[in-house]
Amino acid sequence: QKLYCLIEIVHSDLFTQHDCREILLPTMTDQLKYHLERQEDLEACCQLLSNILEVLYKKDVGPTQRHVQIIMEKLLRTVNRTVISMGRDSELIV
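The name an unreviewed UniProt entry gives the protein chain is Dedicator of cytokinesis protein 1, with Colius striatus as the organism.

Structure (structure tokens):
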């Protein structure tokens with residue numbers, strides 16, 4: 001439920017504001033890391049991470065370089081391990 005709540009927050013105007021992202025992003029990345037390490041609700045994790053990155057890719061959301069860096073520092077290793085452990089036949093790997 002928490003992941004789906006975070007997905008809704010990412011879709012809101014709140015997440016497009018730089019100052020709000022400063023507060024929300026560390027919590028979101030912590031939750032993602034927690035669930036990815038336990039391989040729980042991987043579909044929601046993929047959706048949340050994808051939605052976060054889509055917002056950060058937009059031009060009208062203020063500076064995003066630091067936020068992308070936070071994601072890479074906290075999640076890159078965990079995401080790589082999760083993908084490797086899933087195997088090529090997983091529905092979530094495109």
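Our next topic: unusual backbone geometry. Of note in the backbone geometry, Q39 takes a positive phi value of approximately 50 degrees without being a glycine. Positionally, Q39 belongs in the loop between α2 (18-37) and α3 (42-57). When its relative accessible area of 41% is taken as the criterion, Q39 is described as partly exposed. The phi dihedral of D41 is positive, around 50 degrees, even though this residue is not glycine. On the basis of relative accessible area, D41 is assigned to the partly exposed category, the value being 35%.

The share of residues in the protein chain with pLDDT of 70 or more is 98%, and the mean pLDDT across the chain is 92. Here helix α4 (residues 65-86) stands out as the least confident element of the protein chain, with mean pLDDT 93; α2 is the most confident, with 96.

This next bit is on the nonpolar core. Counting 24 residues, the largest nonpolar core has V10, F15, M28, L32, L48, I52 and I71 as the members making the most contacts within it. Breaking this core down by element, the ones donating at least two residues are α1 (2-11), α2, α3 and α4. Among the elements that line this core, the one with the most residues is α3, at 8 residues. Residues contacting L32, with those up to four places away along its chain left out, are C45, L48, L49, I52 and L75.

The next point concerns the side chain of H67. Secondary-structure assignment places H67 in helix α4. In contact with H67, not counting residues within four places along its chain, are H18, R21, E22, L25 and L56.

Moving on, we get to the environment of V68. With respect to the helices and strands, the residue V68 is situated in helix α4. We classify V68 as partly exposed; its relative accessible area is 31%. As for V68 and L25, which are separated by 43 residues in sequence, their C-alpha atoms are 9.8 Å apart.

Let us now look at the pattern of salt bridges. Note that side chains of opposite charge can pair when their charged atoms are close. Considering all chains together, one arrives at 3 salt bridges under this definition. Notably, a salt bridge pairs D30 with K74, separated by 3.1 Å at the nearest N-O pair. Here D30, found in helix α2, pairs with K74, found in helix α4; they are 44 residues apart in sequence, far enough to count as distant. Taking relative accessible area as the criterion, D30 reaches 42% and is therefore assigned partly exposed.

Reading the values: the criteria
- Residues numbered from 1 in each chain as written.
- Predicted model: local features only at pLDDT ≥ 70, side-chain atom pairs only at ≥ 80, totals over all residues.
- Heavy atoms only, no water.
- Helix = DSSP H or I, 4+ residues; strand = E, 2+ residues; numbered from the N terminus.
- Buried < 20%, exposed > 50% of the residue type's maximum accessible area, 1.4 Å probe, protein only.
- pLDDT = per-residue confidence, 0-100.
- Core = buried A, V, L, I, M, F, W, Y, C linked by side-chain atoms within 4.5 Å.
- Contact = heavy atoms within 4.5 Å.
- Salt bridge = Lys/Arg side-chain N within 4 Å of Asp/Glu carboxyl O.

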